[in-house]
Amino acid sequence: MTTTTTAPVVHSLAFMNGDEFRIPVFKLLKRDGTPYKHAKLPELDKDKALRIYRAMLFTRVLDERMLAAQRQGRLSFYMQCTGEEATIIGSAAALDDEDMIMAQYREQGALAYRGFGVDEFMDQLFGNERDHGKGRQMPVHYGSKDLHYMTISSPLATQIPQATGYAYGQKLSGLGHCTLTVFGEGAASEGDFHAALNMASVHQVPVIFLCRNNGYAISTPAHEQFSADGIAPRAFGYHMKVVRVDGNDILAVYQATREARCWAVENNRPVLIEAMTYRLAAHSSSDDPSGYRSKKEEEAWRDKDPVLRMRLWLEQQGWWAEEDEKREQDTLRREVLEAMKRAEKRPPPPLESLVTDVYDQVPPLLAEQLDRLKEHIRKYPDAYPRGARGLKEDTQGSGGGEHA
Amino acid sequence: MTTTTTAPVVHSLAFMNGDEFRIPVFKLLKRDGTPYKHAKLPELDKDKALRIYRAMLFTRVLDERMLAAQRQGRLSFYMQCTGEEATIIGSAAALDDEDMIMAQYREQGALAYRGFGVDEFMDQLFGNERDHGKGRQMPVHYGSKDLHYMTISSPLATQIPQATGYAYGQKLSGLGHCTLTVFGEGAASEGDFHAALNMASVHQVPVIFLCRNNGYAISTPAHEQFSADGIAPRAFGYHMKVVRVDGNDILAVYQATREARCWAVENNRPVLIEAMTYRLAAHSSSDDPSGYRSKKEEEAWRDKDPVLRMRLWLEQQGWWAEEDEKREQDTLRREVLEAMKRAEKRPPPPLESLVTDVYDQVPPLLAEQLDRLKEHIRKYPDAYPRGARGLKEDTQGSGGGEHA
Amino acid sequence: MPKMNMLQAINNALDIAMAADDKVICFGEDVGIFGGVFRATSHLQEKYGRARCFNTPLVEQGIIGFANGLAAQGSTPVAEIQFADYIFPAFDQIVNESAKFRYRSGDLFNVGGLTIRTPYGGGISGGLYHSQSPEAYFAHTPGLKIAVPRNPHQAKGLLLAAIRDPNPVLFFEPKRLYRASTGEVPEEDYQLPLGQAEIVKEGGDITLLAWGAQMEMVEKAAELAEKEGVSCEIIDLRTIVPWDIDTVVDSVLKTGRLVVTHEAPLTGGFAGEIAATIQERCFLYLESPIARVTGLDTPFPLTLEKEYMPDHLKVFEAIKQSMAF
Amino acid sequence: MPKMNMLQAINNALDIAMAADDKVICFGEDVGIFGGVFRATSHLQEKYGRARCFNTPLVEQGIIGFANGLAAQGSTPVAEIQFADYIFPAFDQIVNESAKFRYRSGDLFNVGGLTIRTPYGGGISGGLYHSQSPEAYFAHTPGLKIAVPRNPHQAKGLLLAAIRDPNPVLFFEPKRLYRASTGEVPEEDYQLPLGQAEIVKEGGDITLLAWGAQMEMVEKAAELAEKEGVSCEIIDLRTIVPWDIDTVVDSVLKTGRLVVTHEAPLTGGFAGEIAATIQERCFLYLESPIARVTGLDTPFPLTLEKEYMPDHLKVFEAIKQSMAF
Ligand SMILES: Cc1ncc(C[n+]2csc(CCOP(=O)(O)OP(=O)(O)O)c2C)c(N)n1
Ligand SMILES: Cc1ncc(C[n+]2csc(CCOP(=O)(O)OP(=O)(O)O)c2C)c(N)n1
Ligand SMILES: [Mg+2]
Ligand SMILES: [Mg+2]
């Protein structure tokens with residue numbers, strides 16, 4: 001081992017800072033949905049293109065409806081993907097459906113693309129007894145084992161080194177799968193980001209790091225998050241392949257991710273993709289962006305709407321028309337509303353779900369705690385309507401209106 | 001705020017990985033102490049040059065003697081700077097003596113340069129009652145408030161974000177000081193490294209990040225630590241000025257750090273310096289490198305000895321000669337040995353030092369714990385010879401031989 | 001006296017601290033122009049400038065590492081961690097660094113100026129990661145102080161004390177009470193002592209001990225108990241470390257019974273420390289086992305949060321059991 | 001039966017686990033060709049290849065993050081943290097991720113395959129940062145199991161159990177005993193149950209409870225006490241979480257007295273949890289206060305380490321006090 005680098009030797013002092021080069025942004029489609037001159041579009045058949053677009057539309061509709069539901073007090077919390085659908089769905093579509101996705105929280109579009117059902121969405125959002133997560137996490141913390149979509153975890157960036165480890169396991173198992181991990185430009189400031197990219201590079205794993213650079217981490221603008229020109233230049237510190245794409249251009253995202261995936265899986269090597277996009281909505285239903293950014297800025301980005309761009313392109317292919325749009329939107333709205341009503345009415349998870357899954361089996365002390373809790377609730381059933389449900393033979397009606 | 005970068009737009013996909021450019025290594029002196037052609041040496045008067053060289057010699061002698069002392073069982077543990085003296089002392093010499101230094105553990109040369117006395121070294125190494133650190137930390141965890149040298153902390157990389165914060169305070173106080181933080185290429189893998197450099201860049205602080213890339217982190221070679229060409233390319237991820245120097249060439253290190261300091265202090269901006277060097281000794285007195293690297297490799301680096309290179313250059317200036325070397329070495333050896341004998345004989349810190357400095361004042365529960373401990377030791381004074389010392393009027397002689 | 005909610009009281013304390021001392025510097029995620037996600041730092045950037053109140057990048061280990069360095073340099077950083085659930089990436093900087101800085105350097109250096117503010121606790125439908133009460137993790141760490149206010153008056157007085165205390169202080173803010181708890185708060189600068197519990201109500205039959213948001217549960221439970229003729233002594237611990245053993249001991253020597261409650265899980269929670277200490281010091285005076293009313297030994301749930309919470313009814317039952325022992 | 005020291009027993013357990021199951025993967029700082037700074041992973045890379053035993057970069061949060069992901073994928077990672085003092089950068093990945101992975105996903109995903117090995121404890125002149133006993137920090141975290149062996153036989157049996165347990169397990173190795181503790185260790189594959197304490201010696205007057213390296217102190221103290229006619233029952237807890245309450249309760253119901261000892265500081269240490277639980281469950285049977293013999297409420301010292309340590313003499317004094325109460 002020696003630390004002599006392959007670098008040239010110089011005898012006069014000069015500092016560098018990265019301005020010596022630029023990482024370009026890869027774009028294929030103009031805002032009007034037409035390709036740039038010389039742009040070579042990826043091969044995408046009609047079925048796949050419509051699968052992608054339907055997922056985009058579904059995500060948009062879901063976001064609109066659920067934000068409204070939150071505003072009506074029917075849902076405690078919500079986070080929208082709005083404005084970032086191309087980044088999310090374009091990348092998911094470029095994967096094998098059995099590749100693992102480990103996302104941050106704003107990536108419901110990927111789940112929609114993979115086929116997560118509208119009831120599955122709703123059951124999670126309402127934390128009812130059919131929620132895969134058993135009503136333990138806040139809304140939007142989806143997960144699906146069948147769809148190879150890791151359950152969302154709120155602590156930021158923790159999924160990034162986990163993706164490196166997951167992909168290491170995939171490499172060893174030799175089945176040709178990879179992991180895509182998605183995170184915001186804010187989360188990329190965490191120490192876990194550095195750990196993840198460095199280890200992925202050293203241990204040579206097939207993982208795609210997809211940074212959604214959407215300009216903000218809650219109220220903090222990207223220029224108070226880092227000084228460099230985006231996240232992409234960090235790849236050089238890990239000798240990692242990197243590409244930057246227009247995150248509102250779904251064909252560009254799709255193509256970049258496809259090539260990244262090919263390379264990652266064939267060579268067992270990581271890739272970083274930075275998608276330049278914008279969070280069109282508030283950070284979450286608890287946030288009001290007017291305190292930290294201008295309507296004008298938002299408008300400028302609304303003009304770059306990724307869903308519209310895809311639609312225009314589809315129309316140019318002759319694969320989509322005004323009527324399709326209307327019909328699809330109506331159907332989706334109806335499906336979402338109906339599913340919401342069903343989900344609201346479903347009872348909460350049983351009291352036992354408080355103590356299961358802490359370990360593979362409930363340990364004695366915890367079983368004792370549950371017993372004591374049951375005894376307590378039997379004494380005060382009215383104070384714990386949800387918990388009391390399962391304890392009496394006759395359950396307490398719907399439970400629908402109870403959600404705060 | 002918008003995330004549109006200043007980057008060019010492209011319509012065909014190309015990945016980068018950092019091979020597009022190289023960060024060169026800055027060198028001034030050849031191994032024989034003569035400057036490279038066209039190399040412009042920094043201005044360094046005889047006094048300063050000799051101050052530097054004496055610190056180098058002292059460090060070498062200290063390391064030799066203390067490792068021997070450890071081998072004889074007189075000292076519990078030791079870590080050598082050997083091979084890295086130019087990196088450490090060259091950078092310290094380029095600072096203002098009131099700039100803060102926050103180092104890792106292998107940087108005793110910087111303290112020596114600043115004037116830490118031989119007795120101060122010894123008192124820390126033997127953890128006796130005169131140790132500034134009150135005998136609480138392992139050997140080589142020096143600190144000096146007077147010399148603006150932060151007490152060493154074993155958890156790696158924690159000092160790096162602290163240096164960013166310290167420098168932020170220096171910037172606010174407006175006195176024109178900066179902070180130099182030194183760390184190994186291994187420590188640079190920690191999350192704290194990423195946090196520190198990013199925050200320094202965003203918050204614009206006068207801090208110099210000096211990475212000693214000495215090829216190993218204990219047994220782990222640099223190529224299992226990271227995949228890139230050294231640490232330097234990481235600077236691009238933070239849009240931070242960076243320079244790479246031959247860490248065994250003290251004039252190059254000195255010049256690079258001087259310019260870095262000027263720029264940092266004048267502009268309140270961070271700089272990264274990567275010094276390419278080699279840990280000639282074992283990781284610590286507990287380590288045996290023969291298990292993970294070859295003698296041949298070590299020999300190749302021994303030929304690049306930074307102390308010898310400086311000596312040859314001094315001789316060429318006519319500022320140093322064979323007799324000076326001999327006399328200085330003899331003096332230093334004697335001083336170190338005498339100081340060691342003094343330090344060994346000094347008693348341990350008083351029992352009270354167990355509980356002081358946990359808080360600014362000893363809280364009641366802790367005072368109670370001390371009282372109970374005293375009572376206990378009074379019952380079994382022979383079992384706790386050090387603790388019993390202060391409790392009886394007549395202390396127990398030297399205590400010198402007790403150190404494990 | 002003006003009426004304030006807890007957020008206003010905290011904001012007011014920060015304002016006073018920054019006005020009184022240039023060295024006080026507030027930062028954290030979204031703390032700048034936005035004033036923090038809960039608005040505890042509202043208007044501070046306007047008033048004191050971006051150099052003294054600012055957003056940091058999203059990196060808790062960096063925020064506290066930076067704060068440690070800044071404190072060592074002689075400033076008085078007040079760092080915000082957006083939710084106590086997100087303090088763990090900074091655990092090493094807090095437990096290995098902040099807590100041991102003075103000790104390991106033999107008092108050459110210290111980070112005594114440091115204060116870490118963070119909202120903790122449940123009751124807001126926050127689920128696993130917006131509800132935790134991690135005080136016990138830090139209580140096992142000599143070198144840190146920990147304070148928890150129960151109302152706006154305390155929040156201001158304890159926060160000002162924390163900022164000025166020459167030791168690193170963790171200040172846990174019960175976010176459920178941020179807007180829910182209101183009360184009269186003196187306009188002027190004042191401090192409440194760290195390390196001293198407050199006897200909120202005297203009583204003779206049983207001692208009830210809590211801190212922060214749980215005080216409300218204890219007070220409600222005491223009301224129920226008093227109706228049944230049980231005279232409750234209520235103590236607000238206020239400071240978890242160093243905790244006021246004497247006040248609790250004195251009370252239990254008098255009442256002979258103790259119920260301690262916190263939201264955090266039972267096992268390893270701070271009630272265990274209190275029970276262990278009190279059984280030792282009041283052994284012959286205890287008339288019933290010391291009872292702990294706490295969260296379950298599970299992560300914090302969502303849909304069944306109400307069932308999980310150690311509410312007033314559970315405290316009330318513990319009181320009755322203790323009395324009936 | 002071959003004689004092994006604790007390191008050999010650990011190495012042997014890892015060897016057996018890797019041979020028996022391809023999915024077992026060992027990694028950490030210096031774990032590869034070097035075999036770890038204590039050589040616990042010696043020869044594993046040679047035997048099983050670089051893909052299954054390797055050095056990681058120097059980043060504990062990454063090691064555990066990676067391990068979590070690998071476990072979620074279905075592998076059985078055995079991650080080494082070089083010293084328990086350096087586990088804190090991984091605190092978030094352990095406490096917020098490993099511990100809550102199964103719960104938050106409703107058991108869709110879990111990291112049950114994960115084992116974290118790390119050397120803990122004092123007695124090696126390691127000072128602040130090579131001596132800590134952080135078990136209590138993790139014991140407050142539902143979802144984790146914690147085991148601590150006291151000798152080579154236990155080390156092998158508990159480690160094999162930890163690796164195969166379908167929950168994340170922290171395995172704290174008493175490094176003071178790595179070479180100092182030797183004993184007969186069966187060659188074959190065997191497991192000792194997690195969650196079960198071991199009654200090391202029966203006795204009638206007082207119960208002494210500890211785990212790991214402190215067991216030696218307890219045994220020595222018991223010898224001294226027996227000479228004075230005190231019959232000691234000695235229990236090795238072995239698993240901190242879930243801890244075997246029944247065994248301890250049964251013993252204390254019999255003896256009426258309990259001394260618990262650990263190296264970690266008193267306040268917030270796990271002895272507090274034990275004392276709190278036992279005073280509740282054995283209230284009417286306790287003849288004296290439950291005593292805790294622990295480290296001081298300070299960081300771990302160096303020169304005065306001997307004074308700091310809860311050694312056999314301090315345990316002995318606690319026994320005498322308890323008997324004399
Ligand atoms: C460790 C951690 N710290 C803080 C938070 C609180 N938080 C939630 S989202 C968020 C901003 C994230 O920004 P970014 O990563 O850019 O994602 P975006 O919301 O823009 O999609 C913050 C600070 C958290 N969830 N986890
Ligand atoms: C957080 C942390 N993890 C692990 C260690 C153990 N450790 C001490 S030194 C060292 C290697 C450091 O290598 P490097 O940073 O390259 O410095 P060098 O020894 O080469 O000077 C390790 C792993 C530690 N001290 N702190
Ligand atoms: Mg963002
Ligand atoms: Mg190194």
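Residues numbered from 1 in each chain as written. Chains lettered and ligands numbered in written order. Predicted model: local features only at pLDDT ≥ 70, side-chain atom pairs only at ≥ 80, totals over all residues. Heavy atoms only, no water.

Draft legend 1. Spotlight on the overall build of chain C. In terms of helices and strands, chain C carries twelve helices and 14 strands. In terms of C-alpha radius of gyration, chain C reaches 19 Å, essentially the compact-globule figure of 20 Å for 325 residues. With the C-alpha coordinates aligned to their principal axes, the bounding extent of chain C is approximately 60 × 45 × 40 Å. Here chain C holds 325 residues, and 78% of them are scored as buried. Here the contacts in chain C between residues at least 6 apart in sequence split such that 82% fall between residues at least 24 apart. Counting only carbon and sulfur atoms, one obtains 48% of the accessible surface of chain C, whose full area is about 8,200 Å². Distance between charge centres in chain C, computed from 28 positive and 41 negative side chains, equals 2 Å. (Helix = DSSP H or I, 4+ residues; strand = E, 2+ residues; numbered from the N terminus. Rg over C-alpha atoms; globule rule 2.2 N^0.38 Å. Buried < 20%, exposed > 50% of the residue type's maximum accessible area, 1.4 Å probe, protein only. Contact = heavy atoms within 4.5 Å. Areas by Shrake-Rupley, 256 points an atom, 1.4 Å probe, with all protein chains shown as cover. Lys, Arg positive; Asp, Glu negative; His and termini not counted. Charge placed at Lys NZ, Arg CZ, Asp CG, Glu CD.)

Draft legend 2. Inspection of the interface of chain A and chain B at higher detail. If you look at the interface, chain A gives 76 residues, while chain B gives 76 residues. Counting the contacts that link chain A with chain B gives zero salt bridges. The interface formed by chain A and chain B contains 22 residue pairs in polar contact (both at pLDDT 80 or more). Contributing elements (two or more residues each) for the side of chain A that touches chain B: β1 (9-10), β2 (25-26), α6 (191-203), β8 (241-246), α7 (250-267), β9 (271-276) and α8 (295-302) of chain A. Ranked by the residues each element gives to the side of chain A that touches chain B, the list is headed by α6(A), at six residues. In terms of residue class, the side of chain A that touches chain B is made up of 37 nonpolar, 24 polar and 15 charged. Of the strand pairs in this sheet, β1(A) and strand β2 (residues 25-26) of chain B are connected by two bridges, and their pairing is parallel. In the strand pairing of β2(B), A:Val10 is matched with B:Phe26. (Salt bridge = Lys/Arg side-chain N within 4 Å of Asp/Glu carboxyl O. Polar contact = N/O pair within 3.5 Å; in protein donor to acceptor, adjacent residues only side chain to side chain. Nonpolar A, V, L, I, M, F, W, Y, C, P; charged D, E, K, R; others polar. Pairing = 2+ DSSP bridges.)

Draft legend 3. Layout of the UniProt feature "domain: Dehydrogenase E1 component" (unreviewed entry) in chain A. As recorded in UniProt, the feature "domain: Dehydrogenase E1 component" (unreviewed entry) lies at residues 53-350 of chain A. Structurally, residues 53-350 of chain A comprises 45% helix and 11% strand, and the distance from its first C-alpha atom to its last is 38 Å. (UniProt positions renumbered as here; feature names shortened; annotations may be inferred.)

Draft legend 4. Looking closely at the environment of D:Leu144. Relative to the helices and strands, D:Leu144 is located in the loop between α6 (135-139) and β6 (145-147). Residue classification places D:Leu144 among the buried residues on the basis of a relative accessible area of 2%. Along the backbone, D:Leu144 and D:Glu219 are 75 residues apart, and their C-alpha atoms lie at a distance of 29 Å. Among residues more than four places away in sequence, those in contact with D:Leu144 are A:Tyr359, D:Ile94, D:Ser98, D:Ala99, D:Phe138, D:Pro168, D:Leu170 and D:Val241.

Draft legend 5. Highlighting unusual backbone geometry. Residue C:Pro242 is reached from C:Val241 by a cis peptide bond, and omega for that bond is -10 degrees. Of note, the phi angle at A:Ile218 is positive, near 50 degrees, even though the residue is not glycine. Within the secondary structure, A:Ile218 is located in the loop between β6 (216-217) and β7 (220-221). Notably, B:Gln204 is not glycine yet its phi reads approximately 55 degrees, a positive angle. Here B:Gln204 lies in the loop between α6 (191-203) and β5 (207-213). For B:Gln204, a relative accessible area of 32% gives the class partly exposed.

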